[in-house]
Amino acid sequence: MSEQEKDPKNAEPQVETAEEQQAAQAEAANAEAEAPAPEQSSAEEQLAEVEAELAKVKKALGEADIRAQAEIQNVRKRAERDVQHARKFALEKFAGDLLSVADNLERGLAALDADDEALQGAREGIELTLKSLLDAFAKYNLEQISPSDEPFNPELHEAMTMVPVPNVEPNTVIDVLEKGYQLNGRLIRPARVVVSKAAE
């Protein structure tokens, strides 16, 4: 018995044929192809999740930007409107205090006898003063409301009394007791008037 036959460890390995080697390689290739690649699919899923999250964040940021721009525009418009409002009506209290001066000048003028030659100078002086005051009112858009013979308007007129008057349409202003005023279209004081009503 030879040394190789006695010791199997020292025996030379059996040589595979070329066909057997090819079959073994094909099996190994099939096994690799069939085996799942967990790391690769996991990375693709994570990438898809990150992209979806990024798209959501981009959309949210775009919407927030649009809302912020709209809010800025609204604040700007409100500020401009407040400034215009303040400019237009800054004189409201001052103008309201001057109305009694115009009223007193008109009452003084009405009290003077137009036919009395001795009072002619006084009348002219009061008329010029009243005209100067009304011109100043007009310069600052303070307009007089004197609605004699006009239909009664509750938004601009205050009815002090109603009187039955024949041949006059009901709800017509027949006398103005005190003229009204508005500043830049805003009513400061309504005209106080006497209004006609249907005869009983």
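Scope of this entry: the structure provided in the associated data block. (Residues numbered from 1 in each chain as written. Predicted model: local features only at pLDDT ≥ 70, side-chain atom pairs only at ≥ 80, totals over all residues. Heavy atoms only, no water.)

1. Overview of the sheet that holds strand β2 (residues 157–164)
For step 1, the next point in the chain: Spatial ordering of the open sheet is given by β2-β6-β3, a layout of three strands whose pairing is mixed. Edge positions in the sheet fall to β2 and β3 (173–178), since each of these pairs with one other strand and no more. Going from strand to strand, the sheet's axes swing by 25° on average, the running direction of each strand aside. (Pairing = 2+ DSSP bridges. Helix = DSSP H or I, 4+ residues; strand = E, 2+ residues; numbered from the N terminus. Axes fitted to C-alpha atoms, helices over the stretch in contact; angles between N-to-C directions.)

2. Observations regarding helix α4 (residues 92–111)
For step 1, the next point in the chain: The end-to-end C-alpha distance of α4, which contains 20 residues, comes to 29 Å, matching closely the 28 Å that a straight helix rising 1.5 Å per residue would cover.
For step 2, the next point in the chain: All of the buried residues along α4 are A95, L99, A102, D103, L105, E106 and L109.
For step 3, the next point in the chain: The inward-facing, buried residues of α4 abut α5 (120–139), β1 (142–145), β3, β4 (180–183) and β5 (186–189). (Expected span 1.5 Å × (residues − 1). Buried < 20%, exposed > 50% of the residue type's maximum accessible area, 1.4 Å probe, protein only. Contact = heavy atoms within 4.5 Å.)

3. Things to note about the packing of aromatic side chains
For step 1, the next point in the chain: Counted under the stated rule, the structure contains one aromatic pair.
For step 2, the next point in the chain: Ring plane angle 85° and centroid distance 5.7 Å describe the contact between F137 and Y181, whose orientation is recorded as edge-to-face. One end of the pair, F137, is in helix α5; the other, Y181, is in strand β4, and 44 residues separate them in sequence. Like F137, the residue Y181 is buried in the burial classification. (Phe/Tyr/Trp six-rings, centres within 6.5 Å; stacked < 30°, edge-to-face > 60°.)

4. Topic: the nonpolar core
The nonpolar side chains of a soluble globular protein tend to be buried, and buried together.
For step 1, the next point in the chain: Within the largest apolar cluster, twelve residues are counted, these being F89, A95, L99, A102, L105, L109, L130, L133, F137, L142, Y181 and L183.
For step 2, the next point in the chain: For this core, the elements supplying multiple residues, two or more each, are α4, α5 and β4.
For step 3, the next point in the chain: The element contributing the most residues to this core is α4, with five residues.
For step 4, the next point in the chain: Within the second largest apolar cluster, six residues are counted, among which are I145, A191, V193 and V195. (Core = buried A, V, L, I, M, F, W, Y, C linked by side-chain atoms within 4.5 Å.)

5. Considering α5
For step 1, the next point in the chain: Over its 20 residues, α5 runs 28 Å from end to end, which matches the ideal 28 Å to within 8%, given 1.5 Å per residue.
For step 2, the next point in the chain: N141 occupies a position one or two residues after α5 and carries a positive phi of about 60°.

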